[in-house]
Amino acid sequence: MSAVVMRIEIHVAWWLFPYLNTVRALCFLLGVEPNMARVDYWVRKGLTFKPAAI
């Protein structure tokens, strides 16, 4: 059986980490749980994947 080698480039939007840190801080301060569906939506918008040449 042969192995397939693939390289994927992941680009993270500049605003993703500040957004996640803000959500985390507000949830900690207010003592609430984040709306994970909404967080998932924004994380998917902030990450882009594309195949790259090897």
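This text goes with the structure placed above it.
Residues numbered from 1 in each chain as written. Predicted model: local features only at pLDDT ≥ 70, side-chain atom pairs only at ≥ 80, totals over all residues. Heavy atoms only, no water.

Draft legend 1. Up close: a nonpolar patch on the surface. Together, Met6, Ile8, Ile10, Val12, Phe17 and Phe49 line one region of the surface with nonpolar side chains, adding up to about 640 Å² of accessible area. In terms of residue count, strand β1 (residues 7-12) provides more of the nonpolar patch than any other element does, three residues in total. Within the secondary structure, isoleucine 8 is located in strand β1. (Patch = residues over 30% accessible without salt bridge, like charges linked within 9 Å, V, L, I, M, F, W, Y side chains within 5 Å. Areas by Shrake-Rupley, 256 points an atom, 1.4 Å probe, with all protein chains shown as cover. Salt bridge = Lys/Arg side-chain N within 4 Å of Asp/Glu carboxyl O. Helix = DSSP H or I, 4+ residues; strand = E, 2+ residues; numbered from the N terminus.)

Draft legend 2. Examining the pattern of salt bridges more closely. All chains considered together, the criterion is met by one salt bridge. The shortest N-O distance in the salt bridge between aspartate 40 and arginine 44 comes to 2.9 Å. With aspartate 40 and arginine 44 both in helix α2 (residues 36-46) and four residues apart, the pair spans about one turn of that helix. On the basis of relative accessible area, aspartate 40 is assigned to the partly exposed category, the value being 36%. (Buried < 20%, exposed > 50% of the residue type's maximum accessible area, 1.4 Å probe, protein only.)

By themselves these figures say nothing about function.
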